[in-house]
Structure formats: structure tokens, C-alpha cells
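Structural overview
The chain contents come next:
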Amino acid sequence: MGTVVELGIRGADPDAAAVAASAVFAEFARLDRLMSSWRPDSAVARINAAAGQHPVKVSAEVVAVIAAAQEVARRSDGAFDITVGAFRGLWKFDEDMDGSLPDEAAVAARRALVDYHDVIVQSDSRQVMLARTGMRLTLGGAAKGYAVDRARVVLGGHGIADFVIRAGGDTYVGGRRDGHPWRVGIRDPRGPREHAFARLSLSNAGAATSGDYARGFVRDGIRYHHILDPATAHPARRSRSVTVIAAGAMRADMWSTALFVLGPGRGLPLAERLPGLKAVFVGADNAVSVSSGLAGRLEILQAPSPGP
């Protein structure tokens, strides 16, 4: 899935923990084969190959993840949009990153291919179609969270209650650590990799952070990064990071991206209206905004570091 997956298990027999861990990583591998944007034989790749031509039959899991993503797209007015897969290769933030910027005519052409309304989902027959040739979907903002949620189900099936599972910026904490809630840090967007500016205690909850520091570069004092605004086809500019707490990792995953694109001005009021969702914003101005559900729970260790 293009990221590092980490699993920590507490208070279990070592042999049982090892068996459970193997099952978790096997589940991640299965879902990678199913939902990866990089594997030519995945369901996502088959949908993209048939864009503008015909629907593709996929598994119930793929339909469910796409349907959940479409709901977030609607609720966020398109700030989250799985058809941003059309931007692949336009901006170079993966293994091809060389600090170059795309031609604006190419940006405009790709932007015309991005519209979540053109994803046709037929849930009953488990078919998905992209309405126009050249469109591409990506589940990069949902599949890792879904995999984390599946991992907690796998661990539960093995009798593991106290654990933390992390895939990139997506986390789920189960149970407790040595009798206490897990403590989750929120990375300083401009600080060293392991430097947190805030932390909070969590148990049986999902957490996801979207940040402009994960993949990108600074050129002429401007930061270019991989979280693209579907409306502009350029890196979103209203946030430095957004952390979302929710009951599940997939919901936190999708909403952290949507709220990052929206920024605190529009995103914080929306977060307040979403049941069971809490958010921490570091805005483009480096100011920290916190939703009311975290009042008194979030410990600010220090102000986020300055920098471009």
C-alpha cells in the first residue's frame, strides 16, 4: 500500500501474538492485491482500464469502500474525491519525485477528468464504472484505513484486545496499554519526524493524520505536496495537517483528507456537525484549531514549529 505497517500487541502470549500478527499482515496483503492503484491486476486497475467503456464487476468489499468514499465526497462537497487518480503522473511525489512542476495546460486537462459524480456504483450487482474515458480512481485515501479496520477484526478473532495498528498516517488503538489508554501523538508538521506538538489518550478508536510533510518538496520557498485539491489540481493550501479521531480508521482516513483540503475555516464547522468525529487542525498560518469534542482532552505540548 505504499507505506509502512506497524503492529504492537500488549499482554498476550508471544506465540499467540505471532500467529495473530501473521494473520494481520496477510490481510493487508490481500487488500493490497484488491485495492491497490499500483497493481495492474487489482479491482481498481480494472475499473480504470474500462473507464468510459463498460462497468466492472468487483467484490462487495470494493463496492463498500467506494460507496463510503462517495458519501464523504458528497458531505464534503467534493473536497474528498477518489477520481483524483487522474492526477497520477502529473505531479511527481512518489518514486519519481524530482522537484519539477507540471505544465499548466496539462493540469487543466487532468482537472477536467476529476468529478466524483461520474463514478457509477451499482451496489446490487456489484458493478462500478467511470463515466468518461481517461478517468482514474484511487482508493489511497480510504483503503489503508479500511485495512486497519479489518486488522482489528482479525486481531479480535484471535482474542487480542490490547493493540495498536498503524499504516502510514492511519491508526487504530484497541483496548489499553498496561491498564491505561494509549497515548497518541500528533506530529509537528514542520518539526523532526518523531516530534509531536500535541497528544491525547485514546482507547478503541481510529485516528488519521493528513499532512503536507509526508510526500513533497519545497521550491522557491513554496511547499508542494501530494494532497491535491480536486477543485484546482494543485496542492491544497489551507492546512499543514489535520488529525481526525473517529470510531473507525477508514472514516478518520477519509475525513482527514477532506478536512485538510477544506482547511479550518470551512472544515472545523463541518467537523462539528459530523456525529462522533473530532478534529485537530494546523492551519496554513500554523494556528491550531480543535473541535469541541476534544476540549480538555488534547494536551498541547508546544506550538507547531514555523517554516515553509
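None of the values given here were measured: they were computed from a predicted structure.

Scanning the protein from N- to C-terminus turns up six helices and 15 strands. Here the C-alpha radius of gyration of the protein, 19 Å, is about what a compact globule of 308 residues would show, namely 19 Å. A principal-axis box enclosing the C-alpha atoms of the protein has dimensions of 55 × 45 × 40 Å. Residues counted as buried form 49% of the 308 residues belonging to the protein.

Take the pattern of salt bridges next. This structure, assessed with the given rule, holds 16 salt bridges. Residue Glu27 pairs with Arg30 through a salt bridge whose shortest N-O separation is 2.8 Å. With Glu27 and Arg30 both in helix H1 (residues 14–35) and three residues apart, this pair spans about one turn of that helix. Ionic pairing is found between Arg150 and Glu27, a salt bridge with its closest N-O pair at 2.8 Å. Here Arg150 is found in helix H5 (residues 143–157), whereas its partner Glu27 is found in helix H1, with 123 residues between them in sequence.

This paragraph deals with the sheet that holds strand E14 (residues 288–290). Spatial ordering of the open sheet is given by E1-E5-E6-E9-E12-E13-E14, a layout of seven strands whose pairing is antiparallel. For this open sheet the edge positions go to strand E1 (5–9) and E14, each flanked by a neighbour on one side alone. Each neighbouring strand pair of the sheet contributes to a mean axis angle of 10°, computed without reference to strand direction. Contacting E1, strand E5 (163–167) and strand E6 (170–174), H5 runs over the sheet at an angle of about 20° to E6. Along the sheet, helix H6 (residues 249–273) makes contact with E6, strand E9 (205–211), strand E12 (239–246), strand E13 (278–283) and E14, crossing E12 at roughly 125°.

The calculated volume of the second largest pocket comes to roughly 230 Å³. For the lining of the second largest pocket, the element with the most residues is H6, which contributes three residues. Class assignment for the residues of the lining of the second largest pocket results in seven nonpolar, three polar and seven charged.

Thresholds applied
- Residues numbered from 1 in each chain as written.
- Predicted model: local features only at pLDDT ≥ 70, side-chain atom pairs only at ≥ 80, totals over all residues.
- Heavy atoms only, no water.
- Helix = DSSP H or I, 4+ residues; strand = E, 2+ residues; numbered from the N terminus.
- Rg over C-alpha atoms; globule rule 2.2 N^0.38 Å.
- Buried < 20%, exposed > 50% of the residue type's maximum accessible area, 1.4 Å probe, protein only.
- Salt bridge = Lys/Arg side-chain N within 4 Å of Asp/Glu carboxyl O.
- Pairing = 2+ DSSP bridges.
- Axes fitted to C-alpha atoms, helices over the stretch in contact; angles between N-to-C directions.
- Contact = heavy atoms within 4.5 Å.
- 1 Å grid on protein atoms, 1.4 Å probe; cavity = no way out; pocket = protein on both sides within 12 Å on 5 of 7 lines; lining within 4 Å.
- Points joined across faces, edges and corners; volume = space filled by probe spheres on them.
- Nonpolar A, V, L, I, M, F, W, Y, C, P; charged D, E, K, R; others polar.

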